[in-house]
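Single-letter residue listing:
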Amino acid sequence: MKKIKVLFLASEADPFIKIGGLGDVAGSLPNALLDLGDEIDVRLIIPLHKQIIPETFGITHYSTFVTDLGGKKQSVDVFKTNKKNLEVFFLSGEPISDKEKVYDSNIELDGEKYIFFDLAALEFIKRDEWQPSIVMANDWHTAIALHAIKQRQSDPFWRSVKTVITIHNLCYMGAGTEAILERFGISKVNTDKIPWWGKHVPLPMGILAADKIVTVSPTYSKEIQTAEYGCGLEEYFQYRAEDVVGIVNGIDQDIWDPEKDQAIPQTFSISEIDNKKVNKQYLQELFHLAPKPSVPLLAMVTRMDQQKGVDTLLEAIELISSEKYQMIILGTGNPEIEEKCKLLEEKYPEQVRAIIKYDGKLSRQIYAGADMILMPSRYEPCGIAQMISMRYGSVPIVRATGGLKDTVTEERTGFLFEHINAGELAASIIKALRTYKKKDLWKRMQTNCMDENFSWQNSAEKYKNLFESLV
Ligand code: ADP
C-alpha cells in the first residue's frame, strides 16, 4: 500500500513552544501517527518563533530560498530537528523573526506572520519535493495554507493533495487580517455558502477549502452546527455535516503519570491509590488549610477566561456555604475574574485559596492532591484538564458540553451538570460531596478514572482512518 504522507502545519508545538492546548496536540499527535506503523509518514512545520532557542532542541539550518511573497522578494530560512522519528521543520523570514510574541493582541502582526508562514510552508515543501497526500492545518493561523492549495489546482504537485482542518477553538478566526491577505495577493472568496463577513477571514476560508473539518471532540462537532456554538458558521457546518468529524484529543500518558511524576510529593498508582492522601496533606499544609483528611478538597486549574465559567463557580460557592469542603483555585488571565477569586478567599479564609499565577509544577501537585477538579465551562472544544485529573485519581465535576461530555461519565468517572448556572453547578458539587462520604463508592470512582485510556494512540488511529478515507 502507498504511504500516506501527512504535512502537519501548526502555530505551536510542545516542547519547542507551547501556549495552549494546540501546543499539546501538535506536540503529540504527529509522533502518535508515526507510531502507528510504516503506512504513514509525517512532517511537522511550525514558525521559528523568537522564543524558540535552537540550541536547546538541536535545531540546525536546513536550507534557504528566496521567493515572491506579499508583492516582494522574501528570503525564507528553513531549520530542522528530529523529535524521536519525526522530522520537524521551522520556518523563518522577516515577517516571523521581527515579531515579539507567538500571538499578539495586534491581529495585523499575527496576520503578517502566519500568512507568510502558510505560503512559505507550501513553497518549501514543493521545493523539497516532499509531496504530501494530506495537509492538516490547525486553527486560523494555518488555515490559509488550505485555501492556497485549492487555488493551486492547475499545479500537478498540489492537484491530488487532500486537506483537513482541525478546529481547536472556533471563536478565533483571524478577522482583521483582510489588508494583509490582500497584500499577499489573496482575495476574498466568491461564494454564497458562508456569511459575507467570513469571505476574507482566514478560518472560514480554510474551512471552505478543507476536504474534512475536524473538531477536537464528537460533541463539539455537533455543537458547532447550532447557533449557540457555531460563531455564525453553523449553517455552513450543517451543510457540510457529512464532512464534519469529531476526534477527541489524547494526553501524553508519559508526561502525565502519577507513578513517575517528579513534581508531586508522593507518587501513586491505581493499586496503591491510598498513597494519594499524602499529596492532599501536602496541599493542605502548603496553603494553611485545616489538615483534615476527611474534608473534601476541590480544585480548579484554569485560564481565567469567560469560557471557563469561574464566575459561575464563585456564585455556586455562595450556595454551598453550609457544606464542609476546601477549595484551591489556580489560574491567571482576566484581571476582573482574578480579583473576584481573591475576594472569595478573603470571604472564606478557612476554606478557599486563590493562587493567581501560571505554575506547571503546582498544577501537578493539585491534580495529585485534590479529591475533585471543577470545570464548569461555557464551551469546551475538548479540554485536557479533566483527562489529567482523572489520570491522577481526582474526580471531575464538569459542565456537560463538548469534550467534557465525551470524556466524563456521570457517577462512573465524574459528575456532570447541563446548564451553565450556579444552582446546577452547586447541586452537582453537593452530589459529589455526598458521594465522597461513601468511601467504597468513591474509591471505585477514582479507580474508574485512573483506568480510563486517554492515550494518543486511540485518537491517532481515528485520524489515520480519516486520512485513509480521503486518499
Ligand atoms: P485550554 O486549552 O482551553 O486552556 P485545557 O483544559 O484544554 O484548556 O488545557 C489547559 C491546560 O493548561 C491544562 O494542562 C492545565 O493544567 C493548564 N493550565 C491552565 N492554567 C494553568 C495555570 N494557572 N498553571 C498551570 N497550568 C495551567
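A brief look at the structure comes next. (Residues numbered from 1 in each chain as written. Predicted model: local features only at pLDDT ≥ 70, side-chain atom pairs only at ≥ 80, totals over all residues. Heavy atoms only, no water.)

### Some details on the nonpolar core
Threshold: For the purposes of this section, nonpolar cores are sets of buried Ala, Val, Leu, Ile, Met, Phe, Trp, Tyr and Cys residues that join through side-chain atoms within 4.5 Å. Relative accessibility under 20% of the residue-type maximum defines a buried residue, over 50% an exposed one, and the middle range a partly exposed one, all with a 1.4 Å probe and only protein chains included. The secondary structure listing takes helices from DSSP runs of H or I that are at least 4 residues long and strands from runs of E that are at least 2 residues long, numbered from the N terminus. Here a residue-residue contact requires only that any non-hydrogen atoms of the pair lie within 4.5 Å.
The biggest cluster of nonpolar side chains holds 94 residues, and the ones touching the most others in it are Ile-45, Leu-91, Leu-170, Ile-207 and Phe-467. Here this core gets 10 residues from one element, more than from any other, and that element is helix α3 (residues 107-127). Residues in contact with Phe-467, not counting those within four places in the same chain, are Ile-4, Val-6, Leu-33, Ile-40, Ile-134, Met-136 and Val-164. Leu-297, Ala-400, Leu-416 and Ile-429 belong to the second-largest nonpolar core, a separate cluster that totals 69 residues.

### Side note on the side chain of Glu-12
The line we're drawing: Counting rule applied: Lys, Arg positive; Asp, Glu negative; His and chain ends not counted. Only one rule defines a salt bridge in this text: a Lys or Arg side-chain nitrogen within 4 Å of an Asp or Glu carboxyl oxygen. Identification of polar contacts relies on pairs of N or O atoms within 3.5 Å, with a donor-acceptor requirement for protein atoms, meaning one able to donate a hydrogen and the other able to accept it, and with residues adjacent in sequence counted only if both atoms are side-chain atoms.
Structurally, Glu-12 can be placed in the loop between β1 (4-9) and α1 (21-34). Buried charge without a salt bridge: Glu-12, with Lys-18 as the nearest opposite-charge side chain at an N-O distance of 7.4 Å. Separated by 2.5 Å, the side chain of Glu-12 and the backbone nitrogen of Ile-19 make a polar contact. Of note is the side chain of Glu-12, whose polar atom sits 3.3 Å from the backbone nitrogen of Gly-23. Beyond its immediate chain neighbours, meaning those up to four positions away, Glu-12 contacts Ile-17, Lys-18, Ile-19, Gly-20, Leu-22, Gly-23, Ala-26, Ile-46 and Tyr-103.

### As for the site of the ligand
The criterion, for reference: We call a residue near a molecule or strand as soon as one heavy atom of that residue lies within 4 Å of the molecule or strand. Under this grouping Gly is polar, as are all residues other than the nonpolar Ala, Val, Leu, Ile, Met, Phe, Trp, Tyr, Cys and Pro and the charged Asp, Glu, Lys and Arg.
The local shell around the ligand holds 19 residues, among which Arg-303, Lys-308, Lys-357, Tyr-367 and Ile-384 are the closest. Lys-308 places a side-chain nitrogen or oxygen 2.8 Å from an oxygen atom of the ligand. Tyr-367 has a polar side-chain atom sitting 2.6 Å from an oxygen atom of the ligand. Mapped by element, the contributors of at least two residues to the shell around the ligand are β10 (297-304), β11 (326-333), α13 (360-369) and α14 (385-391). Among the residues forming the shell around the ligand, the class breakdown is 8 nonpolar, 6 polar and 5 charged.

### Some remarks on the pairing of strand β12 (residues 352-355)
The cut-off we apply is this: By convention, orient the strands away from the viewer: a clockwise path from the first strand over the helix to the second makes the crossover right-handed.
Here β12 shows a buried face lined by Val-352 and Ala-354 and a second buried face lined by Arg-353 and Ile-355. Regarding topology, helix α12 (residues 335-347) serves as the crossover connection from β11 to the parallel β12, and that connection is right-handed.

### Considering the sheet that holds strand β7 (residues 162-167)
Let me state the cut-off plainly: When DSSP locates at least two bridges between a pair of strands, those strands are taken to pair. Axes here refer to lines fitted to C-alpha atoms; in helices the fit is confined to the stretch in contact. Angles between the N-to-C directions go from 0 to 180 degrees.
One open sheet accounts for 9 strands, arranged β3-β4-β5-β2-β1-β6-β7-β8-β9; its pairing is mixed. Unpaired on one side and paired on the other, β3 (60-69) and β9 (244-246) mark the two borders of the sheet. Each neighbouring strand pair of the sheet contributes to a mean axis angle of 25°, computed without reference to strand direction. Where β7 and strand β8 (residues 212-215) come together, 4 bridges link them in parallel fashion. Across the sheet, the residue bridging to Thr-166 is Val-214, located in β8. Strand contacts of α1: β1, β2 (40-47), β4 (72-83), β5 (86-92) and β6 (134-138), with the helix running at about 155° to β2, the strand carrying the most contacts.

### A closer look at the sheet that holds strand β14 (residues 395-399)
Reading across from one edge, β12-β11-β10-β13-β14-β15 is the order of the 6 strands in this open sheet, with parallel pairing throughout. Every interior strand has two partners, whereas the edge strands, β12 and β15 (415-417), have only one. Neighbour-to-neighbour, the strand axes of the sheet open up by a mean angle of 15°, direction not taken into account. Relative to β15, β14 runs parallel, the two being bridged by 3 bridges. Within β15, the residue paired with Arg-399 across the bridge is Phe-417. Contacts from α12 reach β10, β11 and β12 within the one sheet, and its direction differs from that of β12 by about 150°.

### Here we look at unusual backbone geometry
Along the chain, Asp-14 connects to Pro-15 via a cis peptide bond; the corresponding omega equals 5°. Among the secondary structure elements, Pro-15 is positioned in the loop between β1 and α1. If you check the backbone angles, Asp-139 has positive phi at about 60° while not being a glycine. Topologically, Asp-139 is positioned in helix α4 (residues 139-151). We classify Asp-139 as buried; its relative accessible area is 8%. With phi around 60°, Glu-411 is a residue other than glycine that occupies positive phi space.

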